[in-house]
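# Structure at a glance
Each chain, written out:
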Amino acid sequence: MSVPSLDLKLYIAGEWLDARGRQTEEVINPATGLSLGQLPHASAADLDTALESSEAAFLKWRAMSALERGQILRTAAGLLRQRQHHIATIMSLEQGKTLAESMLEVLISAEVFEWSAEEGRRAYGRVVPGRFPGWRNTVLRQPIGVTAAFTPWNFPALIPARKITGALGAGCTCIIKAAEETPACTIELARALHDAGLPPGVLNVVFGVPATVSEHLISSPVVRKVSFTGSVAVGRHIAGLAAQGVKPATLELGGHAPVLVFDDVDVQRVARAAVAGKYRNAGQVCVSPTRFFVHEKIYREFAAAFSDAAGSLRLGSGLDPQTGMGPLANPRRVAAMESLVEDARAGGAKVSAGGAPGGSEGFFYKPTVLTDIDPGARVMSEEPFGPLALIIPFASEEQAIAQANALPFGLAAYAFTSNADRITRLADHIESGMLGINTFLIASAETPFGGVKDSGYGAEGGTEGLDAYLTSKYVAQAPA
Ligand code: NAD
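One numbering rule holds for all chains: residues counted from 1, following each sequence as written. For this predicted model, a pLDDT threshold of at least 70 governs which residues receive local features, and a threshold of 80 or more governs which side-chain atom pairs are given and counted, while totals over whole chains, interfaces and linings are taken from all residues. Side-chain metrics in this entry use all non-hydrogen atoms of the structure; hydrogen atoms and water are not considered.

### As for the overall build of the protein
Where we set the bar: Counting from the N terminus, the helices are the DSSP runs of H or I reaching at least four residues and the strands are the DSSP runs of E reaching at least two. Put simply, the radius of gyration uses C-alpha atoms, and a globule should come to 2.2 Å times the residue count raised to 0.38. Note on contacts: a residue pair qualifies if any of its non-hydrogen atoms lie within 4.5 Å across the two residues. The protein chains shown are the only cover counted for residues, whose accessible areas, like all others here, come from Shrake-Rupley with a 1.4 Å probe. A positive count includes Lys and Arg, and a negative count includes Asp and Glu. His and the chain ends are not counted in either. Charge positions are represented by NZ for Lys, CZ for Arg, CG for Asp and CD for Glu.
Secondary structure assignment for the protein yields 14 helices and 22 strands. Taking 2.2 N^0.38 as the reference for a compact globule, 480 residues should give roughly 23 Å; the C-alpha atoms of the protein span a radius of gyration of 23 Å, in line with that estimate. Taking the principal axes of its C-alpha atoms as reference, the protein extends roughly 75 × 60 × 40 Å. Taking all contacts inside the protein whose residues are at least 6 apart in sequence as the whole, residues at least 24 apart take part in 73%. Only carbon and sulfur atoms are counted for the fraction: they give 54% of the accessible area of the protein, which is about 19100 Å². Distance between charge centroids for the protein: 5 Å, based on 42 positive and 48 negative side chains.

### Description of the site of the ligand
As a reminder, the rule being used: Summary of the distance rule: residues count as near a molecule or strand when at least one heavy atom falls within 4 Å of that molecule or strand. For the purposes of these results, a polar contact is taken to be a pair of N or O atoms within 3.5 Å, where, inside protein, one atom must be able to donate a hydrogen and its partner to accept one; residues adjacent in sequence count only when each atom of the pair is a side-chain atom. All amino acids are sorted into three groups, where Ala, Val, Leu, Ile, Met, Phe, Trp, Tyr, Cys and Pro are nonpolar, Asp, Glu, Lys and Arg are charged, and the leftover types, Gly among them, are polar.
In the region of the ligand, 26 residues are neighbours, and Trp153, Ser214, Ser231, Arg332 and Glu383 sit closest. Within the side chain of tryptophan 153, a nitrogen or oxygen atom sits 2.8 Å from an oxygen atom of the ligand. When isolated, the ligand has an accessible area of 790 Å², and the protein chains bury 85% of it. Every element with two or more residues in the shell around the ligand is listed here: α7 (210–219), β10 (223–229), α8 (232–244) and α11 (331–346). Split by residue class, the shell around the ligand holds twelve nonpolar, eight polar and six charged.

### Some details on the packing of aromatic side chains
Under the convention used in this document: Pairing of aromatic side chains requires ring centres within 6.5 Å, counting the rings of Phe and Tyr and the six-membered ring of Trp. Pairs whose planes differ by under 30 degrees are stacked, by over 60 edge-to-face, and all others tilted. Relative accessibility thresholds used throughout: buried, under 20% of the residue-type maximum; exposed, over 50%; partly exposed, between the two (1.4 Å probe, protein chains only). For a ring to carry a charge above it, either NZ of a lysine or CZ of an arginine must fall within 6 Å of the ring centroid while also lying within 35 degrees of the normal to the ring plane.
A complete count under the given rule lists ten aromatic pairs for this structure. Judged by centre distance (4.4 Å) and plane angle (35°), the ring pair of tyrosine 11 and tryptophan 16 falls under tilted. Residue classification places tryptophan 16 among the partly exposed residues on the basis of a relative accessible area of 25%. Each ring, one from phenylalanine 292 and one from phenylalanine 306, has its centre 5.0 Å from the other, and the planes form 65°; the classification is edge-to-face. Linking phenylalanine 292 in strand β13 (residues 289–295) with phenylalanine 306 in helix α10 (residues 299–311), this pair joins segments that are 14 residues apart in sequence. The two residues phenylalanine 292 and phenylalanine 306 agree in class, both being buried. In this structure an aromatic cluster arises from ring pairing among Tyr279, Phe292, Phe302 and Phe306. A cation sits over an aromatic face here: arginine 162 above phenylalanine 449, 4.3 Å from the ring centre. Positioned over the ring face of tyrosine 469 is lysine 225, at 5.5 Å from the centre of the ring.

### Observations concerning the sheet that holds strand β20 (residues 434–437)
Under the convention used in this document: Here the rule is simple: two strands pair whenever DSSP picks up at least two bridges between them. Axis lines are fitted through C-alpha atoms, for helices just across the contact stretch, and the angle between N-to-C directions can take any value from 0 to 180 degrees.
Read across the sheet, seven strands follow the order β14-β17-β18-β13-β12-β19-β20 without closing on themselves; strand pairing throughout is mixed. Edge positions in the sheet fall to β14 (350–353) and β20, since each of these pairs with one other strand and no more. Put simply, the sheet's adjacent strands are angled 25° from each other on average, direction ignored. Here three bridges tie β14 to strand β17 (residues 368–371), and the two strands are oriented antiparallel to one another. Across the sheet, alanine 353 pairs through a bridge with valine 369, a residue of β17. Helix α12 (residues 397–404) contacts β12 (257–261), β13 and β18 (388–394) of the sheet and is inclined by roughly 145° relative to β18.

### Details of unusual backbone geometry
Residues other than glycine seldom take positive phi values, yet aspartate 372 does so here, at roughly 50°. Classification of aspartate 372 as partly exposed rests on a relative accessible area of 36%. Its identity is not glycine, yet phenylalanine 385 carries a phi of approximately 50°, on the positive side. Following the sequence through the fold, phenylalanine 385 ends up in the loop between β17 and β18. With relative accessibility at 16%, the residue phenylalanine 385 sits in the buried group.

### Description of the pattern of salt bridges
Here is the rule we go by: Every case where a carboxyl oxygen of Asp or Glu lies within 4 Å of a side-chain nitrogen of Lys or Arg is listed as a salt bridge.
Per the counting criterion, the structure on display carries 24 salt bridges. The residue arginine 74 makes a salt bridge to glutamate 118 at a minimum N-O spacing of 2.5 Å. With arginine 74 in helix α2 (residues 66–82) and glutamate 118 in helix α4 (residues 99–119), this residue pair connects regions lying 44 residues apart in the sequence. We classify glutamate 118 as partly exposed; its relative accessible area is 25%. The partner of glutamate 105 in a salt bridge is lysine 97, with the nearest N and O atoms 2.5 Å apart. Note on glutamate 105: relative accessible area 3%, which makes it buried. Residue classification places lysine 97 among the buried residues on the basis of a relative accessible area of 3%.

### A short note on the state of the cysteines
Filter applied, for reference: Disulfides are defined as pairs of cysteine sulfur atoms found within 2.5 Å of each other.
For the coordinates displayed, the defined rule picks out zero disulfides. For the unlinked cysteine cysteine 172, the closest cysteine sulfur is that of cysteine 174, found at 9.0 Å. Summary of cysteine pairing: cysteine 185 is not part of a disulfide, and the nearest cysteine sulfur, belonging to cysteine 174, is at 16 Å.

### Side note on the sheet that holds strand β22 (residues 470–477)
The sheet built from three strands is open, its strands ordered β5-β6-β22 with antiparallel pairing. The outermost strands of the open sheet, each flanked by one partner alone, are β5 (126–129) and β22. The sheet shows a mean angle of 25° between the axes of neighbouring strands, direction not considered. Where β5 lies against strand β6 (residues 136–143), four bridges are found, and the strand directions are antiparallel. Bridge assignment links proline 129 to a residue of β6, and that residue is arginine 136.

### With respect to the side chain of asparagine 330
Within the secondary structure layout, asparagine 330 lies in the loop between α10 and α11. Among the residues examined, asparagine 330 registers a relative accessible area of 3% and is labelled buried. Only 3.1 Å separates the side chain of asparagine 330 from the side chain of glutamate 181, close enough to count as a polar contact. Reaching out from asparagine 330, the side chain makes a polar contact with the backbone nitrogen of arginine 332 at a distance of 3.1 Å. Every residue in contact with asparagine 330, bar those within four places of it in the chain, is listed here: Trp153, Glu181 and Phe363.

### A closer look at the environment of proline 40
Relative to the helices and strands, proline 40 is located in strand β4 (residues 34–40). Since its relative accessible area comes to 0%, proline 40 is described here as buried. The residues touching proline 40, leaving out its near neighbours within four places in the chain, are Leu8, Lys9, Leu10, Leu17, Asp18, Ala19, Arg22, Gln23, Thr24 and Phe207.

In structure tokens:
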């Protein structure tokens, strides 16, 4: 297979800017540890140009009809579909996930573009009956303004696609700082929009030292809305910066998803689905199933089937069609897995699959299953964000729900059961932004994606995704 080289640039005011005269950072292939190219960092002057162009473009972009804006987003979606294989190859190179996963991510990103293109036409306001004859109360929905988005490296096309098109579909402009570790996919999204005729300044793509860029952008009075996906710690910091300027923020901050497996399911089938769900993107997924609470009657069978399937996944480059699980995105994740597993082992946990780094190059860690884990082990409460599955028995539904809700996280949760009354109780009592019943598929363009508790606030996708970029204006009209 011929491997494309990465075209690493900033995209500011409709121009592609290269590394000349700028600081750079190396982008690394996590499957080999070798360089893929040099990424330019935006200087303070570049960031100011991005802010100025975003502000100027907002006046023109919001004045265009939602239909016209949607046409540009739809054309860009078509280009993403045409370029699917090229972008997916880039994704597997810079992020590590398997090519099949990357292909799917590009497709879903195109669907997100299409959803936002249409949803922008549904920014409905309302007419509220007046209190007196001839009075009319109108509520208008208007784009909030220039938005600043910060995205991580685990879904380098899909997460930026949600933030960029949510903003653009609503009539806002967007400055995005995508992850420096996986910049090329976001650059490809910008390229599709540029080629589709996006006016200059409507989207700016910048990179740099994350804390410096976010502080510069969020403290600017030009920026009116902030959206961040990443860790809870950084989310708190970003929320603080936004609060200083009284700017609304959407925060998607990861989780530690519980999975409740009851004794009325096909154990083998659920175990197979669970392994596919867990090791997708090497577990580097904010909704990754992690704490498997399994009814004690089926616990042994489930743990054995899960561990067998996990242990047989083949590690390798995402571009190798034989690969079942790719590398972790960076050496920090491998170190984090080693530390969490070592701590659990010291507390008496058994490792029934994996439990060690893999491969002779790159950043691999084996698909790992832990059982008999001490409740005080760090991995029981710290988000592993990697290929670790914890299998824990439970005796009653009440106990399982209490364990599921025990952590400060509340992003995704899953349950497998065929009991309809139980499903209703779970939907009522599980504390999460998303709940998958008999499925691990909980994300789509048309449904909201977001969490509760420490997992953040606000949602992306669905009708909620547009709401995040609109304000309400009440117009009271009396007879002249
Ligand atoms: P991190 O918290 O340092 O970085 C996460 C992301 O935030 C990165 O893309 C980084 O560039 C960005 N970031 C960091 N500091 C920033 C700042 N001051 N301003 C703006 N952006 C900033 O962690 P990491 O080592 O890259 O990833 C590990 C942890 O991050 C994981 O354990 C996981 O909890 C979390 N994470 C969550 C998601 C998610 O989808 N919710 C995605 C990636 C990482």
